[in-house]
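# Results of the structural survey
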Amino acid sequence: MRHQLETAENPASLRRIAIDTVSRVEGHGKVTILLDERNQVHQVRLHIVEFRGFERFIQGRPYWEVPVTVQRLCGICPVSHHLAASKALDQVVGATQLTPTALKIRRLMHYGQILQSHALHFFYLASPDLLFGFDSDLSRRNIVGIAAAEPQTAKRGVLLRKFGQEVIRVTAGKRVHGTGAIPGGVNKAVTPEERALLLADIYRIVGWSRDAVHLIKQLHAQNPSLYNSFGVCRSNTMSLVGTGGELDFYHGSLRARDANGGILFDGVDYCDYSQHIQEEVKPWSYMKFPFLVAFGKRNGWYKVGPLARVQNCDHIPTPLAEIERREFVDYCGGLPTHAPLAYHWARMIEMLHAAETIKDLLHDDDIVGQDLLRSGVRATAGIGVIEAPRGTLIHHYRVDEDDLVTMCNLIVSTTHNNQAMNEAIRQVASRYLQGRELTEGLLNHIEVAIRCFDPCLSCATHALGQMPLALELVDAEGRLVHALARNGDGSFACAAD
Amino acid sequence: MSASFTIDGKAVPFAEGQTIIQAALAAGVYIPHLCHHPEFKPHGSCKLCTVRISGRQSASCTTLAQAGMAVESDTPALNDERRTLTQMLFVEGNHFCPSCEKSGNCKLQATAYDLGMMTAHFDHFFPSRPVDASHPDVLLDFNRCILCSLCVRASRDVDGKNAFALSGRGIKTHLIVNAKSGRLADTDVTLQDKAVRVCPVGVFLRKDRGFNVPIGRRVFDLKPVSAYVDATAALAKE
Ligand code: SF4
Ligand code: FES
């Protein structure tokens, strides 16, 4: 059923519904649904309707600019790009091992980023659906509604996010788009005053993060049939895990599992990513479709992000989050869950882990150290991989002997989840929309499914060049009259009429 | 008692042969400027230092101070014009401050902030100006050149190398490297040269620098350009 919904047989004869733009996600995307006169669903697609072009305009620039420039890909998780690029360029400047201070400052920055991004997503973007219901009153279904109905929850959401931003500010120099990480290390440590400032709040932050896990757990318990079945899309999963198999957002090796949790590969050096991951271009979306090479385009797609990570690791190296992980695994009965709504639960477990890790780092004297930089034998290429809030993020650069970037390849978290998001909305469409008059509430079900993945659509469309581009002409009744597509190879094709 | 004149009503002493801006900066009175540098002969190209003397406008870096003259400088009308000139400088080149390592240490950026420039206002030219990365220690990013000629003057008058020149006319004026190949690697410029350290914007970049100075410790993080009066000394330490 689901795969069939990717492309309808006679699109011209069908009615077209567009959710344009998908709300409460980062960036601009749209969903198109093709229906026949009996409201039977024939085609469902998540399209990305914006694109950037970083891979192209970084070429010819000096490499040391890249960690700062590339974070402009995104206003939501700039730190992830900043750090992934810095990790790649550590290799270029020959910094095989960072100083303890540099490593811990970068980790602190990154876990602050995870905390603020997860808080933003859960409290601002997702909680209105979860607390009020997917088809609840639209005028209330937003953060303002949450603030009125659940003032304490809303306030904590705001303060959790703010704390994460403060961690970023003291490590990167600014709350958004700082400069802290540089190839070979960092440009500043934390001052004793900054450390004291964060220590004053961190215990409360850990406590609130734990409460947030309990809140989402309760929601699952209240409506298990919905939470366990909504938009389920079984797939492989992939993430970095630390050397001991632990959850690690900053560094590790790649591990992939099949839908039943069986290991597909493990301990893969991320510098070999291109041997394991390839990307397919489809003419109707700016966002590519990555897949695991060994399993092919059709079966090789996979999920990344909180749900993948929490189930992919062997343990979480902080005590409170580890207790929550075990409970989550038990709830799922020992087999991996593929329910998109479980992303929220996993995300809150990760937020708790981030808070606990920040607490531990704040107690570590290395963060006020002065030894910041390393360098060594120059290399002409570097690959940096990190677990960004939304999943695995891959940065790959080549640098010439004059220090200019000659090649840049980025695979961002949201792109890995492209197929999974499409599958989830096809699942939801066939379950909830089939044969019914469409209402805003029903269409919001589609958006709820997308929101689970916390996609960052601006990040996902960074490639410039022969972008596949779809133009659709729709008549007054919303009928698709004509479509013109530029394929990935630059050729044009008429898709309808 | 030495001779004096006034700037916005404030008495400013001067010595024979001093320009208005030299006397002003020495007396702690800030006049916006980009192509003026205390160690070099005036060039008078940016016009940011324009002041009003008895109803006539003139560049304070090329006008000699005279006893008793009444100079207007910090007036809304003059600052409006200075802001417009600054906006024109921004659109003529490619000034992408967010990813420029000179951000916070750049006189153009600091002057724009100080003049309250909020947008570039004009259409951007988006000129195509490839960088010259050929030199092992210094990278030239021509995108940011404001044609102040300070590097030209420094290389010629201090370093004795004459490695740079302004070429072309009018809107086509651009900075060139005096070498047959046009590449910096084929000159005898070194990191120690005055020319490498005098650029008020971010054309000359030391390759060993990057973003090593954290936000908060850059020259203009500490105070605005006008509060330095003459930021030359602070920038020279960077
Ligand atoms: S490179 Fe710098 S110093 Fe030289 S003319 Fe251009 S702006 Fe002035
Ligand atoms: S400083 Fe006088 S014209 Fe530039």
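On a predicted model such as this, the values are computed, not experimentally measured, just so you know.

## So, the pattern of salt bridges
Following the criterion strictly, the structure yields 38 salt bridges over all chains and no others. Between Glu65(A) and Arg144(B) there is a salt bridge, with the nearest N and O atoms lying 3.2 Å from each other. Linking Glu65(A) in the loop between helix 1 (54-57) and helix 2 (66-69) with Arg144(B) in the loop between strand 6 (138-140) and helix 4 (150-158), this pair reaches from one chain into another. A salt bridge links Arg326(A) to Glu322(A), with the shortest nitrogen-to-oxygen separation between them at 2.9 Å. One end of the pair, Arg326(A), and the other, Glu322(A), are both in helix 12 (residues 319-331), four residues apart, so they sit about a helical turn from each other. What makes Glu322(A) buried here is its relative accessible area of 10%.

## Looking at the pairing of strand 8 (residues 174-177) of chain B
Residues and elements named next belong to chain B. Across the two faces of strand 8 the burial differs, with Leu 175 and Val 177 buried and His 174 and Ile 176 not buried at all. Here strand 7 (residues 164-167) pairs with strand 8 via four bridges, running antiparallel. Residue pairing in the sheet places Ser 167 in a bridge with His 174 of strand 8. Linking strand 7 to strand 8, which pair antiparallel, is a turn of six residues; within it Gly 168 sits at a positive phi near 80 degrees.

## Considerations on the interface of chain A and chain B
Counting residues at the interface gives 20 residues for chain A, matched by 19 residues for chain B. The junction of chain A with chain B conceals about 1600 Å² of combined surface from both sides, 61% of it contributed by carbon and sulfur atoms. Across the contact surface, chain A and chain B share three salt bridges. Of the charged contacts in the structure, one is a salt bridge between Lys207(B) and Asp403(A), with a shortest N-O distance of 3.3 Å. One can count six residue pairs in polar contact (both at pLDDT 80 or more) joining chain A with chain B. Broken down by class, the residue content of the side of chain A that touches chain B amounts to seven nonpolar, six polar and seven charged.

Criteria and cut-off values
Residues numbered from 1 in each chain as written. Chains lettered and ligands numbered in written order. Predicted model: local features only at pLDDT ≥ 70, side-chain atom pairs only at ≥ 80, totals over all residues. Heavy atoms only, no water. Salt bridge = Lys/Arg side-chain N within 4 Å of Asp/Glu carboxyl O. Helix = DSSP H or I, 4+ residues; strand = E, 2+ residues; numbered from the N terminus. Buried < 20%, exposed > 50% of the residue type's maximum accessible area, 1.4 Å probe, protein only. Pairing = 2+ DSSP bridges. Contact = heavy atoms within 4.5 Å. Buried area = accessible area lost by both parts, 1.4 Å probe. Polar contact = N/O pair within 3.5 Å; in protein donor to acceptor, adjacent residues only side chain to side chain. Nonpolar A, V, L, I, M, F, W, Y, C, P; charged D, E, K, R; others polar.

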